[in-house]
Amino acid sequence: MVAERVIFRKVPEVTALFWVIKLLTTALGEATADYLVNDFNPYLAVVACTLLFVGALALQFWFRRYVPWVYWLAIVMVAVFGTMAADVLHVVMDVPYWLSSAAFAVALVVIFWAWYRVEGTLSIHSITTTRREIFYWAAVSAAFALGTAAGDLLAYTAHLGFLAAGLVFAVLFVAPGVAWRAGMNSIAAFWVSYVLTRPLGASFADWTGKGQDAGGLGWGDGPVAAVLLVLIVALVGYLQVRQRKAGELEPATEAAR
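Because the structure is a prediction, the values reported are computed rather than measured.

Conventions used here
- Residues numbered from 1 in each chain as written.
- Predicted model: local features only at pLDDT ≥ 70, side-chain atom pairs only at ≥ 80, totals over all residues.
- Heavy atoms only, no water.
- Helix = DSSP H or I, 4+ residues; strand = E, 2+ residues; numbered from the N terminus.
- Buried < 20%, exposed > 50% of the residue type's maximum accessible area, 1.4 Å probe, protein only.
- Phe/Tyr/Trp six-rings, centres within 6.5 Å; stacked < 30°, edge-to-face > 60°.
- Lys NZ or Arg CZ within 6 Å of the ring centre and 35° of its normal.

On to the environment of Ala246. Structurally, Ala246 can be placed in the loop between helix 8 (221-245) and helix 9 (252-255). Through-space distance from the C-alpha of Ala246 to that of Ala107 is 39 Å; in sequence the pair is 139 residues apart.

The structure is reproduced here in C-alpha cells:
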C-alpha cells in the first residue's frame, strides 16, 4: 500500500483577520451569485461558476502548502457555488428552505463523521495530507450551502428580513467564541462559528444590495460585490506580502507539485 502523501500546512492560521476575510467572502459569494443569476443568463452563470469552482479547488490542491491568494480564491468560489447550489434547490426544484437546510446539515454531519472516523480529528491544524484536505473542502462546501439555506430560512420563511436575520446570526456567531473561553471544545467552537459566517455575511450583503421593496438599502448586488472584492483583494494581498517577507512562502515552482 502506498503511504498517504504528506504536504505542508494548507490552511491559514485562525486569527481575527481570518474571520474578517471569511465574512467578506461569504458576503461576496451571496452578492456575486445573485448579481450573475439576475443580470445574466442564469444557466450560463451556474455552469461558468461551477467550472471556476472546480478550477479553483484544483489549483488549491496543486500547491503543496498554504498560499494566501490560492486559498482565498478557492473560498470565494466555494461561496459563490454554495450560494447557487442552495438557490437552485429552492428556485428551480422548489425545495423549501427548511428542507434544504436540514439536508445540508445532515450532509455536513456525515462528512464530519467520516472525517473523524478515518483521521481521528477534525482540527484544521491537521490538514497535512491530501486525504485530510479532501475532507476539509467537502466540509467547507457543505457548510457554505448550509449557511446559505439557513440564512434564507430566517430572512424569507421566518419573515425576519435581512437586517434582523443578520443581527441574529451575529449573536450566534459570537456565542461559540464565548463558550470556548468558558471551556467549549475549540474544534467544535471553530466549526460552529465557521458555518455561521455564511448566513451572517450573506444577510448583510442582501440587506445592502437588495431593493428597498425587499427590505434592503438598494445599493445593488453588483456594486456591493465590487466593493467586497476590492476589500478582499487588499487584505489577501497584505497576507501574501507579509508571508513572503517572513520567508514562509516557497516560490510557485517549488510549492506546486
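So, on to unusual backbone geometry. The backbone of His159 sits at a positive phi, close to 60°, despite the residue not being glycine. Positionally, His159 belongs in the loop between helix 5 (130-157) and helix 6 (161-181). Given a relative accessible area of 69%, His159 falls into the exposed group.

A separate point is the packing of aromatic side chains. Note on aromatic pairs: each is described by the distance of the centres and the angle between the planes. If you walk through the whole model with that rule in mind, you get 23 aromatic pairs. Considering the side-chain rings of Trp19 and Phe190, the 5.6 Å spacing of their centres and the 50° angle between planes classify their relative orientation as tilted. Of this pair, Trp19 sits in helix 1 (residues 16-39) while Phe190 sits in helix 7 (residues 186-209), and the two are 171 residues apart along the sequence. Residue Trp19 shares its accessibility class with Phe190, and that shared class is buried. The ring centre of Tyr194 lies 4.1 Å from the NZ or CZ of Lys22, which sits over that ring.

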